[in-house]
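Spelled out, the chains give:
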Amino acid sequence: QLQLVESGGGLVQPGESLRLSCAASGSIFSINVMGWYRQAPGKQRELVATITSGGSTNYVDSVKGRFTISRDNAKNMVYLQMNSLKPEDTAVYYCNADIKRYTWTAVLNYWGKGTLVTVSS
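The rules behind each value
Residues numbered from 1 in each chain as written. Predicted model: local features only at pLDDT ≥ 70, side-chain atom pairs only at ≥ 80, totals over all residues. Heavy atoms only, no water. Core = buried A, V, L, I, M, F, W, Y, C linked by side-chain atoms within 4.5 Å. Buried < 20%, exposed > 50% of the residue type's maximum accessible area, 1.4 Å probe, protein only. Helix = DSSP H or I, 4+ residues; strand = E, 2+ residues; numbered from the N terminus. Contact = heavy atoms within 4.5 Å. Polar contact = N/O pair within 3.5 Å; in protein donor to acceptor, adjacent residues only side chain to side chain.

Enquirer: Help me understand the nonpolar core in this model?
Expert: As a rule of thumb, soluble globular proteins bury nonpolar side chains together. Formed by 30 residues in total, the largest nonpolar core has its most connected members in Trp 36, Leu 80, Met 82 and Tyr 93. Of all elements in the fold, only β3 (18-25), β4 (30-39), β5 (46-51), β7 (67-72), β8 (77-82), β9 (91-100) and β11 (115-119) reach the threshold of two or more residues within this core. In terms of residue count, the dominant contributor to this core is β9 (5 residues). Setting aside residues no more than four positions away along its own chain, Met 82 makes contact with Glu 16, Ser 17, Leu 18, Leu 20, Arg 66, Phe 67, Tyr 93 and Val 117.

The structure is reproduced here in structure tokens:
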């Protein structure tokens with residue numbers, strides 16, 4: 001069974017940093033785009049950042065210059081380094097990936113269960 005498992009969330013003060021990790025496990029042939037989304041209380045889930053298998057990245061404007069997405073293709077992992085955190089970054093952060101499980105299967109989209117990031121003094 002394929003799983004995306006996030007880790008690294010927690011409670012931090014404004015201005016501090018956190019690093020989120022997401023590991024994809026199970027039968028995997030290839031992973032295309034990997035990304036992070038977040039959902040704050042009472043709000044819709046929004047894209048935070050994405051990264052292609054070739055390393056091209058995309059960020060939502062509100063995190064540009066503060067967050068960095070990266071991945072380790074050999075380990076099927078994606079990371080989100082979050083610096084200068086603000087209270088408005090408080091949300092559940094979800095890992096997302098487009099995965100081809102076998103050579104004969106289509107690319108499907110998968111989600112992790114999320115990790116909570118709370119930024120508060």
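Enquirer: Sorry if this is basic, but what is going on with the environment of Asp 89 here?
Expert: Within the secondary structure layout, Asp 89 lies in the loop between β8 and β9. Of the residues examined, Asp 89 reaches a relative accessible area of 1% and is grouped as buried. A polar contact is formed between the side chain of Asp 89 and the side chain of Arg 66, at a distance of 2.8 Å.

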